Amino acid sequence: MFFAAWEVSVLVIPTLWMLLAATPHEAVSLSGLTALGVSSLAVGTFRGEYVPTGSWPRPGHLSTLPVRSAYYSLVVGGTSLLGAAAQVHFETFWVGVLVPTVVATGSLSLLPAVVDAVERIARASV
């Protein structure tokens, strides 16, 4: 679980920097922290095969690093903004936690399929 938290946190640093400028600050902060924490837990759970979602790349697998970095960044950034928008729309902070939790977990369960698709496309274009 530690390596999943480290991996997700490090690979999404550029996205976290961009989220610093997003408004409203309170809503984005709550949803962003939720998305980051849930993503770390989800990656650790899926990679540890506690919930089977497919064959996950090893943390040190360099050829999948750009795909994982982009995917984690999209998940954390997208769910942060989506959760903040839902929080502002419904005027309650609970949806700012619920939306990133559900969407990030579901999105990260698809990572093995995305990595396979990218590798298949890369082989076909060579």
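Look a little higher up for the structure.
Here we summarise the structure given alongside this text. (Residues numbered from 1 in each chain as written. Predicted model: local features only at pLDDT ≥ 70, side-chain atom pairs only at ≥ 80, totals over all residues. Heavy atoms only, no water.)

What follows covers helix α4 (residues 65–90). Over its 26 residues, α4 runs 37 Å from end to end, which matches the ideal 38 Å to within 8%, given 1.5 Å per residue. Glu91 occupies a position one or two residues after α4 and carries a positive phi of about 55°. (Helix = DSSP H or I, 4+ residues; strand = E, 2+ residues; numbered from the N terminus. Expected span 1.5 Å × (residues − 1).)

This part takes up the environment of Arg68. Within the secondary structure, Arg68 sits in helix α4. Assessed through its relative accessible area of 1%, Arg68 is described here as buried. Between the alpha carbons of Arg68 and Leu111 there is a distance of 7.9 Å; along the sequence they are 43 residues apart. (Buried < 20%, exposed > 50% of the residue type's maximum accessible area, 1.4 Å probe, protein only.)

Below, the discussion takes up the packing of helix α3 (residues 25–47) against α4. With their axes 8 Å apart at the nearest point, α3 and α4 run at an angle of 140° to one another. The orientation of α3 with respect to α4, classified from their angle, is oblique. Between α3 and α4 lies a crossing whose hand is right-handed. Here α3 contributes Ala27, Val28, Leu30, Ser31, Gly32, Ala35, Ser39, Val43 and Arg47 to the contact with α4, which in turn contributes Arg68, Tyr72, Val75, Val76, Thr79, Ser80, Gly83, Ala84, Gln87 and Val88. The residue inventory of the contact of α3 with α4, partitioned by class, reads 10 nonpolar, seven polar and two charged. (Axes fitted to C-alpha atoms, helices over the stretch in contact; angles between N-to-C directions. Parallel < 35°, antiparallel > 145°, perpendicular 65-115°, else oblique. Left-handed = near helix turned anticlockwise from the far one by under 90°. Contact = heavy atoms within 4.5 Å. Nonpolar A, V, L, I, M, F, W, Y, C, P; charged D, E, K, R; others polar.)

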